Amino acid sequence: MGVLIRASIYRTDNSAFFRACFREIIQKTCIPAAGSCLRPVCVSGGTVDNIRRNTILPGAGKSVIVGMSGGVDSAVTAYLLKAAGYEVAGVTLRTWENAFGEDSRCCEIDAARETADVLGIPLYVQNCAADFREHVSEPFIEEYLAARTPNPCVECNRYVKWAWLLRMADRLGADYVATGHYARIEQRKDGRFLLKKGADPARDQSYFLYTMTQDQLAQTLFPLGGYTKVRARELAEERGLLNARKRDSQDICFVPDGDYEAFLTRYRGKAYPPGDF
């Protein structure tokens, strides 16, 4: 049973910046034609037959669960969705805690709570450490010891992140889930959803999402798919989000220092000598 934390509610921001940001969102997305949710009319780019889900469909009357890690990308994702009219709630998945009680970089609860406070949205914290250990960290260790190169981010998305986000969406009655990945989703004429690269080639994260199913794609929004990381940081700074300048990390979230040998030694209790290459 996960621990649920509600953030305090912050007043709606009616500033000039908020309105300008909303106009930018509308210019980057497809707006459903009046009286229809199935025949989108694109304001800028795209086609009527290809629903460009890479950014945001206007969210009047819709609700969304945003996976909030405590980083700038998920913070801007929540902000953009709220600006587009969605009813937004954040969910932080607590996946890992080391021997010193420190969370992984993907579940920095205090940072996520601060963002939720600024945006005026509720935040829920769900403990899914057991699933993460079974499907991500333990397989990572076993694969590494077998001289193979694991990709724990792919396995986390496959077995943990979407499973829990969609479970929370079902519990809370939300229409969609969203994350801060730089990727896009399109829908073909025949209704099939396609996972596409993000518009910023330097930040594309579609590779880590290749295991997503049609059902998952149909219920997912990637607001940052049409943005660059530079623009995302600008939006965060202008909105006053505290993590606007938080540094990026290329390391595995549960091995933040990148020292895999030390990690294996700690969690297997023995040293591993260098091998032949």
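Rules used throughout
- Residues numbered from 1 in each chain as written.
- Predicted model: local features only at pLDDT ≥ 70, side-chain atom pairs only at ≥ 80, totals over all residues.
- Heavy atoms only, no water.
- Helix = DSSP H or I, 4+ residues; strand = E, 2+ residues; numbered from the N terminus.
- Expected span 1.5 Å × (residues − 1).
- Buried < 20%, exposed > 50% of the residue type's maximum accessible area, 1.4 Å probe, protein only.
- Contact = heavy atoms within 4.5 Å.
- Core = buried A, V, L, I, M, F, W, Y, C linked by side-chain atoms within 4.5 Å.
- Disulfide = S-S within 2.5 Å.
- Salt bridge = Lys/Arg side-chain N within 4 Å of Asp/Glu carboxyl O.

**Quick notes on helix 2 (residues 72-83)**
Then, in step 1: Across its 12 residues, helix 2 extends 16 Å between first and last C-alpha, which sits within 8% of the 16 Å expected from 1.5 Å per residue.
Then, in step 2: The element helix 2 is extensively covered by neighbouring structure, given that 11 of its 12 residues are classed as buried.
Then, in step 3: Listed as buried for helix 2 are Val72, Asp73, Ser74, Ala75, Val76, Thr77, Ala78, Tyr79, Leu80, Leu81 and Ala83.
Then, in step 4: At the C-terminal side of helix 2, glycine 85 shows a positive phi close to 105°.

**A closer look at helix 3 (residues 109-119)**
Then, in step 1: Of the residues making up helix 3, those classed as buried are Ile109, Ala111, Ala112, Thr115, Ala116, Val118 and Leu119.
Then, in step 2: Each element contacted by the buried residues of helix 3 is listed here: helix 2, strand 5 (87-94), strand 6 (123-127) and helix 7 (229-239).

**Section: the nonpolar core**
Then, in step 1: Ile65, Phe254 and Phe263 are the most contacted members of the largest nonpolar core, which has 34 residues in total.
Then, in step 2: Taken together, the elements giving at least two residues each to this core come down to strand 5, helix 4 (129-145), helix 5 (152-172), strand 8 (183-187) and helix 8 (260-268).
Then, in step 3: When residues of this core are assigned to their parent elements, the largest contribution, eight residues, is made by helix 5.

**Let's talk about the state of the cysteines**
Then, in step 1: Summed over all chains, the structure comprises zero disulfides.
Then, in step 2: Among the cysteines around cysteine 128, which has no disulfide bond, cysteine 156 carries the closest sulfur, lying 7.4 Å off.

**Brief notes about the pattern of salt bridges**
Then, in step 1: On inspection of all chains with the given rule, the structure shows eight salt bridges.
Then, in step 2: Salt bridges sharing common partners tie together Arg231, Glu234 and Glu238.

Spatial relationships are all this shows, so hold off on functional conclusions.
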